[in-house]
Amino acid sequence: QVQLAESGGGSVQAGGSLRLSCAASGRKFSIYSGGWFRQAPGKEREFVAAISQSGGNTYYSDSVKGRFTISRDNAKNTVYLQMNSLKPEDTAVYYCAAANPRSLRFFGGDYWGQGTQVTVSS
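Residues numbered from 1 in each chain as written. Predicted model: local features only at pLDDT ≥ 70, side-chain atom pairs only at ≥ 80, totals over all residues. Heavy atoms only, no water.

(A) Structural context of the packing of aromatic side chains. Tallied over the entire structure, the rule returns six aromatic pairs. Aromatic pair Phe 37 and Phe 47: ring centres 5.6 Å apart, planes at 75°, arrangement edge-to-face. In this pair, Phe 37 is assigned in strand E4 (residues 33–39) and Phe 47 in strand E5 (residues 46–51), connecting sequence segments 10 residues apart. For the ring pair Phe 47 and Phe 107, a centre distance of 6.4 Å and an interplane angle of 45° mean the geometry is tilted. Of the two residues, Phe 47 sits in strand E5 while Phe 107 sits in the loop between strand E9 (92–99) and strand E10 (111–112), which places them 60 residues apart along the sequence. By relative accessible area, Phe 107 is classed as buried at 8%. Within the aromatic cluster, the residues linked to one another by ring pairs are Phe 37, Phe 47, Tyr 59, Phe 107 and Trp 112. (Phe/Tyr/Trp six-rings, centres within 6.5 Å; stacked < 30°, edge-to-face > 60°. Helix = DSSP H or I, 4+ residues; strand = E, 2+ residues; numbered from the N terminus. Buried < 20%, exposed > 50% of the residue type's maximum accessible area, 1.4 Å probe, protein only.)

Structure follows, in structure tokens:
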């Protein structure tokens, strides 16, 4: 079983950027698809982005497409989420997830990190 740990969250002004990291341990991250979800207060957890095992394919929710970039460095057992042009609506707890490979359009986490808070002020 793989363990995931997010880092890089914080507070930023609207229009700013943050880079989240998700480090895997216990198993090699390369055997899993990776992804990010987020959950704002009072809302359900929603999909943000996913990336294939090798990093060759990515998929984004419409709300973040063009602003966020998911990437991975399997040698470092890490998946990243670069968040640019942040909006107050992006405020949420962001969760890293790993999944047994499947279509990225149907990415659902099989393993989860603890979450990291991202707060975007206006």
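(B) Spotlight on the pattern of salt bridges. A full pass over the atoms with the stated rule returns four salt bridges. Here Asp 90 ties to Arg 67 by a salt bridge, and the two come within 2.7 Å at their closest N and O atoms. Taken as a pair, Asp 90 in the loop between strand E8 (78–83) and E9 and Arg 67 in the loop between strand E6 (58–60) and strand E7 (68–73) lie far apart in primary sequence, 23 residues in all. When its relative accessible area of 11% is taken as the criterion, Arg 67 is described as buried. One salt bridge in this structure joins Asp 110 and Arg 102, with 3.4 Å as the shortest N-O distance. (Salt bridge = Lys/Arg side-chain N within 4 Å of Asp/Glu carboxyl O.)

Shape is all these values report; function is a separate question.
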